[in-house]
Amino acid sequence: MELPSGAIDADLHPMVPGLAALAPYLPELWRDQISLRGMEGFDTQSYPPNAPKSVRADWRPGGEWPASRIGLLREQVLDPWRISRGIVTPLYGVQLVFNEDMGNAFTSALNDWTRAEWLDADPRLAGSIILPMFNADHAVAEIERCAPDPRFVQAMVLVMGETPLGRRHNWPVFEALVKHGLPLAIHAGSCYRNPVTSLGWPSWYAEDYAANQQAFQSTLASLITEGVFVKFPTLKVVLLESGVSWLPAFLWRLVKGWKGVRFEVPWLDRNPFDVVRENLRLSIQPFDAPEDAETVQRVMEHLGSDEMLLWSSDWPHWQFDGPPRLPPGLDAGLVRKICVENALFTYTRLSLETV
């Protein structure tokens with residue numbers, strides 16, 4: 001099935017070709033530290049550049065770093081698929097830095113690199129403000145610094161941080177996002193402060209990758225039970241690369257527990273399923289359901305909403321082969337909601353002019 005006119009891609013990942021690319025956007029102190037400390041880069045175990053899943057085979061250009069320049073994005077996604085708007089979210093491990101001042105500097109440089117190298121290069125592109133969540137004050141300051149540029153349409157954190165995301169020390173971040181009308185994107189990945197599984201550190205990359213689903217469940221439970229959506233009812237949260245089919249079963253279990261011990265969280269006065277349908281969005285790469293229309297219809301029925309899903313290519317990650325993918329069995333009206341309308345309602349800063 002072809003994408004409808006005006007399709008919006010909610011998850012694009014330009015790849016930083018090395019620390020030298022960020023150097024022009026760093027203060028002199030931290031620019032010097034790259035050479036003085038012999039720093040090589042911030043590529044992480046979440047997305048090793050040479051892993052097949054990290055870059056689809058036909059999106060690996062010969063002799064250059066994949067997804068590293070605007071020309072590749074135009075040739076591989078924007079032009080052939082007639083994308084009207086695309087949201088770029090670089091996944092470069094600035095979250096792994098333990099020194100808060102250094103981490104803040106490299107995070108700001110990454111956001112400025114996104115602005116200069118990508119948003120300035122093509123009017124179809126919008127950006128994500130990468131947040132230095134090791135310090136809520138730094139994260140708020142980064143929102144305030146970048147939010148005046150309307151091309152930044154959301155802020156992004158990794159799903160696995162140092163503490164559960166809903167904890168009260170993070171609430172100033174949510175307050176700043178609501179102030180500027182920015183959704184919070186939570187992307188697969190870890191800052192590796194804690195083991196990626198509840199049982200400790202795994203042995204293999206496949207385990208690391210699969211553990212993200214556990215993290216998305218725990219993070220969503222934290223946001224709901226801590227009362228984030230009660231305190232900030234207009235906050236939209238977008239789960240990127242979380243998958244989709246796990247959500248109904250997880251919410252059934254969470255709601256069952258909430259009914260039994262709701263006295264613990266008296267501020268949560270609504271069914272968590274209703275909260276999720278109103279405040280949560282998910283990208284559909286990967287859709288993670290069997291490729292048959294009946295199963296897809298059942299997943300959609302269990303979600304109980306046609307407003308929760310956002311289309312994405314996940315460029316350059318290898319989530320599908322061939323042309324743009326949509327789950328089978330969706331009618332044209334639902335396809336348009338997933339590919340266009342849901343993104344416009346979620347990302348209020350996106351212009352309607354190109355749609």
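Only a predicted model underlies this, so the values are computations on that prediction, with no experimental measurement involved.

Would you take a moment to explain the overall build of the protein chain for this structure?
Summing up its helical and strand segments, the protein chain has 12 helices and eight strands in all. Over its C-alpha trace the protein chain gives a radius of gyration of 19 Å, about what one expects of a compact globule, namely 20 Å for 355 residues. Projected onto its principal axes, the C-alpha positions of the protein chain cover 55 × 45 × 45 Å. Of all 355 residues assigned to the protein chain, the portion counted as buried reaches 59%. Sequence separation of 24 or more characterises 82% of the internal contacts of the protein chain that already satisfy a separation of 6 or more.

Help me understand the side chain of S283, please; the structure alone is not making it clear to me.
Of note, S283 is situated in strand β7 (residues 280-283). Exposure remark for S283: the relative accessible area of 0% places this residue in the buried category. Within the structure, the side chain of S283 is placed 3.1 Å from the backbone nitrogen of E241, a separation counted as a polar contact.

In this structure, what is going on with the packing of helix α4 (residues 100-119) against helix α5 (residues 136-146)? I would like to understand it.
Helix-helix packing is described using two parameters, namely the angle between the two axes and the distance between the axes. As a packed pair, α4 and α5 sit with axes 11 Å apart at the nearest point and diverge in direction by 25°. Overall, the two elements α4 and α5 adopt an arrangement that is roughly parallel. In this structure, the crossing between α4 and α5 has a hand that is right-handed. On α5, the residues touching E100, D101, N104, T107, S108, N111, D112 and R115 of α4 are H138, E142, R145 and C146. When grouped by side-chain class, the residues that make up the contact of α4 with α5 number one nonpolar, five polar and six charged.

What's the story with the sheet that holds strand β3 (residues 125-130) in this structure? I'm lost.
Consider a sheet: its strands pair through backbone hydrogen bonds, and that pairing is either parallel or antiparallel. Taken together, eight strands build an open sheet; the order of strands is β1-β2-β3-β4-β5-β6-β7-β8 and the sheet is parallel. Looking at which strands have only one partner, the edges of the open sheet turn out to be β1 (8-12) and β8 (309-310). Note: β1 against strand β2 (residues 85-88), three bridges, orientation parallel. In the strand pairing of β2, L12 is matched with V88.

Honestly, the pattern of salt bridges in this entry has me stumped. Any pointers?
Any two side chains of opposite charge can pair, given that their charged atoms come close. Taken as a whole and judged by the stated rule, the model has 20 salt bridges. The shortest N-O distance in the salt bridge between D79 and R124 comes to 2.9 Å. Taken as a pair, D79 in the loop between α3 (70-78) and β2 and R124 in the loop between α4 and β3 lie far apart in primary sequence, 45 residues in all. In this structure D79 comes out as partly exposed when scored by relative accessible area, which is 43%. D149 serves as the salt-bridge partner of R151, at 3.0 Å between the closest nitrogen and oxygen. Since its relative accessible area comes to 26%, R151 is described here as partly exposed.

Mind showing me how you'd approach the nonpolar core here?
L73, F106, I186 and L247 are the most contacted members of the largest nonpolar core, which has 126 residues in total. The residues contacting L73, other than those within four sequence positions of it, are L12, L78, V88, W118, L125 and W315.

Sorry if this is basic, but what is going on with helix α7 (residues 205-225) here?
Structurally, the α-helix is built with 3.6 residues per turn, so residues lying three or four positions apart point the same way. The terminal C-alpha atoms of α7 lie 31 Å apart, and with 21 residues this matches the ideal 30 Å at 1.5 Å per residue to within 8%. Here α7 has its buried residues at D208, A211, N212, A215, F216, T219, L220, A221, S222, L223 and I224. Immediately beyond the C-terminal end of α7, within one or two residues, lies G227, with a positive phi of roughly 90°.

Quick question: what am I supposed to make of the pairing of strand β6 (residues 237-240) here?
For a regular strand, the rule is simple: side chains alternate between the two faces of the sheet. Of the two faces of β6, the one lined by V237 and L239 and the one lined by V238 and L240 are each fully buried. Both strand β5 (residues 184-190) and β6 contribute to a ladder of four bridges, which runs parallel. Residue pairing in the sheet places I186 in a bridge with L239 of β6. Two elements, β6 and β7, share three bridges in a ladder whose sense is parallel.

What is the right way to read the packing of aromatic side chains from this model?
By convention here, two paired aromatic rings are described through the distance between centres and the angle between planes. Summed over the entire model, instances satisfying the criterion amount to 12 aromatic pairs. Taking NZ or CZ as reference, R56 lies 4.0 Å from the ring centre of W59, over its face. Against the face of F273 rests R277, its NZ or CZ located 4.2 Å from the ring centre.

Help me understand the side chain of R85 in this model?
Counting through the fold element by element, R85 comes out in strand β2. Nearest to the buried, unbridged R85 among oppositely charged side chains is D122, at 7.5 Å. A distance of 3.0 Å separates a polar side-chain atom of R85 from the backbone oxygen of R124.

Just to check I follow, could you spell out helix α6 (residues 171-180) for this structure?
Taken as a whole, α6 has its buried residues at W171, V173, F174, A176 and L177. G181, located one to two residues past α6, shows a positive phi value of around 65°.

Before we go on, may I ask you to explain unusual backbone geometry in this structure?
In terms of backbone geometry, most residues other than glycine have negative phi values and most peptide bonds are trans. For the peptide bond that leads from Q285 to P286, omega is 0°, which places it in the cis range. Mapped onto the elements, P286 comes out in the loop between β7 and α11 (293-303). With an omega of 0°, the peptide bond running from W315 to P316 counts as cis. Tracing the chain through its elements places P316 in the loop between β8 and α12 (332-346). A positive phi angle, close to 65°, is found at E241, a residue other than glycine. With respect to the element layout, E241 can be found in the loop between β6 and α9 (246-261).

So, how was this worked out
- Residues numbered from 1 in each chain as written.
- Predicted model: local features only at pLDDT ≥ 70, side-chain atom pairs only at ≥ 80, totals over all residues.
- Heavy atoms only, no water.
- Helix = DSSP H or I, 4+ residues; strand = E, 2+ residues; numbered from the N terminus.
- Rg over C-alpha atoms; globule rule 2.2 N^0.38 Å.
- Buried < 20%, exposed > 50% of the residue type's maximum accessible area, 1.4 Å probe, protein only.
- Contact = heavy atoms within 4.5 Å.
- Polar contact = N/O pair within 3.5 Å; in protein donor to acceptor, adjacent residues only side chain to side chain.
- Axes fitted to C-alpha atoms, helices over the stretch in contact; angles between N-to-C directions.
- Parallel < 35°, antiparallel > 145°, perpendicular 65-115°, else oblique.
- Left-handed = near helix turned anticlockwise from the far one by under 90°.
- Nonpolar A, V, L, I, M, F, W, Y, C, P; charged D, E, K, R; others polar.
- Pairing = 2+ DSSP bridges.
- Salt bridge = Lys/Arg side-chain N within 4 Å of Asp/Glu carboxyl O.
- Core = buried A, V, L, I, M, F, W, Y, C linked by side-chain atoms within 4.5 Å.
- Expected span 1.5 Å × (residues − 1).
- Phe/Tyr/Trp six-rings, centres within 6.5 Å; stacked < 30°, edge-to-face > 60°.
- Lys NZ or Arg CZ within 6 Å of the ring centre and 35° of its normal.
- Lys, Arg positive; Asp, Glu negative; His and termini not counted.

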